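If you want the building blocks of each chain, they are given just below.
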Amino acid sequence: MTGRTAERLPVVVLTGFLGSGKTTLLSRMLASPDFADSAVIINELGDVGIDQDLVRMTSETVMVMPGGCVCCSIRGDVERALQRLFDDRDAGRIPPFRRLVIETTGIADPQPLLVTLRVNPLAASRLAPAMVVTVVDGILGRDTLATEVEAASQVAAADAIVVSKRDLGQDEALMPVLGDLNPWAGRRSANLLADPLGAILDGECRAGAFLGHFACQPSTISSSRHGDIRSHCLVLDEALDWTAFGVWMSMLLHRHGRNILRVKGLLNIEGASGPVAFHSAQHVVHPPQHLTAWPGDDRRGRIVFIVRKIEPALIEQSLKLFDATAKVTGDGGGRGGYLPAAAGGSIAGRPVRRPTAPRWLKG
Ligand SMILES: Nc1nc2c(ncn2[C@@H]2O[C@H](COP(=O)(O)OP(=O)(O)OP(=O)(O)O)[C@@H](O)[C@H]2O)c(=O)[nH]1
């Protein structure tokens, strides 16, 4: 090994379909001494990122590439991001880092990124061959693999596959499917919220053990692949009524189900002292997390939607209308009917007054 090769930094590409658990795993990694001194590049769909706000709490060197998908429209941005990271590091403008983690968007085919990392001169000279860790949703994974070509490509590219959400009751038929798709990758079943990191990422995956991994295939992707999928970020100046939001979200998922690929929000809820993190992937709504503090000075709520075949403006209009109606109706307004708790959604968990739903939301 030459002196130059010895300086090449390990790089992990963290991929996985929307909502599978990439950011959860990334946050765990960055909190671990094994991954101290990591620089992070996060590629998020949409103009306003949520992930980086959460991840920035655990790492100082986070670079975000919003607004496109790393596998198609912004490949040049990867090269620029790398250049800037190394320039800033060499000039002492950011803390020195000894490894790099790149989190792709949930709908990225990672192959073009891997090609870029191999052929870009800066990457080729400063980075070791990438190690690909693919997170597969333990509940939705099999369905997603059957319908989303990018999800299959993510699994195919993996050196290590982490199957998340074991605690929620994983689909037992998923592992054999993953084995068929990629017999070479190590596979782990995990509860990303609770398992020790060492159990999630076995020895092969840990920092420092990345050299000599795999050769990737040339890309065949075209940018039109994501034609039906759009992301949209809502920034909400005013605090939301939690009950109205829960009812609205339940109706939205009930009505538009599989075409709501992902919802992620940092919500400013009336009466709450900190933000509430909200996640759903397709029809699965995760329990909201009450955070103690906002990641920065901006206290406005923001919700990112990744949808297929839906006009994002309609979502925005209907939420605003719904929330406004809830506020006008108020507790004693008496204009709305009562929803049973089940229809009101597990979020609210109590009977709620239903504001008038826009026709677009009705089934
Ligand atoms: N119970 C449980 N929840 C999990 C697990 N892994 C992830 N989650 C939850 O799943 C939701 C989505 O996780 P994220 O880490 O944001 O998923 P992601 O892959 O980064 O999503 P995108 O950025 O949209 O692609 C969050 O509410 C997590 O807390 C797990 O193993 N168990």
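None of these values were measured; they are calculated from a predicted model.

> A description of the overall build of the chain should follow, citing residues and the corresponding values.
On a plain count of helices and strands, the chain comes out with 13 helices and 15 strands. In the chain, 75% of the contacts between residues at least 6 apart in sequence involve partners at least 24 apart.

> I'd like to hear about the environment of Met-131, residue by residue, with values.
Structurally, Met-131 can be placed in strand β5 (residues 131-137). We classify Met-131 as buried; it has 26 C-beta atoms within 10 Å. Measuring from C-alpha to C-alpha, the distance between Met-131 and Ala-158 comes to 7.8 Å, with 27 residues separating the pair along the chain.

> Requested: an account of the site of the ligand, with residues and values cited.
Close to the ligand lie 22 residues; Gly-21, Thr-23, Thr-24, Gly-106 and His-286 are nearest. Looking at the shell around the ligand, the elements that each hand over two or more residues are α2 (22-30) and β9 (260-267). The dominant element in the shell around the ligand, judged by the number of residues it contributes, is α2, at 3 residues. For the shell around the ligand, the residue count by class is 5 nonpolar, 11 polar and 6 charged.

> Tell me about the nonpolar core, and please be specific about residues and values.
Most often, soluble globular proteins keep nonpolar side chains buried together rather than apart. With 78 residues, the main nonpolar core has Val-11, Val-13, Ile-161, Val-162 and Trp-248 as its most contacted residues. Of all the elements, helix α11 (residues 242-256) adds the most residues to this core, at 7 residues. There are two domains that each give this core at least three residues, and those are domain 1 (3-224) and domain 2 (228-361). Beyond its immediate chain neighbours, meaning those up to four positions away, Val-13 contacts Ile-102, Thr-104, Pro-110, Leu-113, Leu-114, Ala-130 and Val-132.

> So, the pairing of strand β13 (residues 301-308): which residues are in play, and what are the values?
Counting buried positions over the 8 residues of β13 gives 7, a clear majority of the element. Across 6 bridges, the pairing between β9 and β13 is antiparallel. For Gly-265, the partnering residue across the bridge sits in β13 and is Ile-303.

> If you had to explain the pairing of strand β10 (residues 276-281) to someone new, which residues and values would you point to?
The side chains of a regular strand alternate between both faces of the sheet. Inspection of the sheet shows β9 paired to β10 by 6 bridges, in the antiparallel sense. Counterpart to Leu-267 in the pairing with β10 is Val-276. Two strands pair when backbone bridges link them, and β10 and strand β12 (residues 289-290) are joined in this way by 2 bridges, in the antiparallel orientation. Bridge pairing links Val-276 to His-290 in β12. Of the pairings in the sheet, the one linking β10 to strand β11 (residues 284-285) comprises 2 bridges and is antiparallel in character. Each bridged residue has a counterpart across the sheet, and for Ser-280 the counterpart in β11 is Val-285. Count of turn residues in the β10/β11 antiparallel hairpin: 2 residues, of which Gln-282 carries a positive phi of about 50°.

> Go over unusual backbone geometry with me, naming the residues and quoting the values.
Positive phi, close to 65°, is recorded for Asp-37, a residue that is not glycine. Examined against the element boundaries, Asp-37 turns out to sit in the loop between α2 and β2 (38-44). The backbone of Lys-165 sits at a positive phi, close to 65°, despite the residue not being glycine. Structurally, Lys-165 is set in the loop between β6 (160-164) and α9 (174-181). Take Lys-165: there are 27 C-beta atoms within 10 Å of it, and that puts it in the buried class.

> Before we move on, could you go through the confidence of the model for the chain and cite the residues and values that matter?
Looking at the chain as a whole, the pLDDT averages 74, with 71% of positions reaching at least 70. Scored below 50 in pLDDT, residues 1-6 makes 1 contact in the model with residues more than four places away or belonging to other chains. Throughout residues 330-355 the model reports pLDDT below 50, and contacts reaching past four residues in sequence, or to other chains, amount to 45 contacts. Of the two predicted TM-score estimates for the complex, the pTM is 0.69 and the ipTM is 0.99.

> Quick rundown of the environment of Ile-260? Include the residues and the values.
Considering the arrangement of structural elements, one finds Ile-260 in strand β9. Separated by 48 residues in sequence, Ile-260 and Arg-308 have C-alpha atoms that sit 6.5 Å apart. In this structure, Ile-260 is in contact with Leu-252, Leu-253, Gln-282, Phe-305 and Val-307, ignoring residues within four places of it in sequence.

> Mind laying out α11, listing which residues take part and the relevant values?
For an α-helix the count is 3.6 residues per turn, leaving residues at separations of three or four pointing the same way. In this model, α11 (15 residues) spans 21 Å end to end at C-alpha, consistent with the 21 Å of a helix rising 1.5 Å per residue. When α11 is considered as a whole, its buried residues turn out to be Thr-243, Ala-244, Phe-245, Gly-246, Val-247, Trp-248, Met-249, Ser-250, Met-251 and Leu-252. Gly-257, located one to two residues past α11, shows a positive phi value of around 25°.

Scoring rules and cut-offs
Residues numbered from 1 in each chain as written. Predicted model: local features only at pLDDT ≥ 70, side-chain atom pairs only at ≥ 80, totals over all residues. Helix = DSSP H or I, 4+ residues; strand = E, 2+ residues; numbered from the N terminus. Contact = placed C-beta atoms within 7 Å. Buried ≥ 20, exposed ≤ 12 C-beta atoms within 10 Å, placed from the backbone. Near = placed C-beta within 6 Å. Nonpolar A, V, L, I, M, F, W, Y, C, P; charged D, E, K, R; others polar. Core = buried A, V, L, I, M, F, W, Y, C linked by C-beta atoms within 7 Å. Domains from an automatic or database assignment. Pairing = 2+ DSSP bridges. pLDDT = per-residue confidence, 0-100. Expected span 1.5 Å × (residues − 1).

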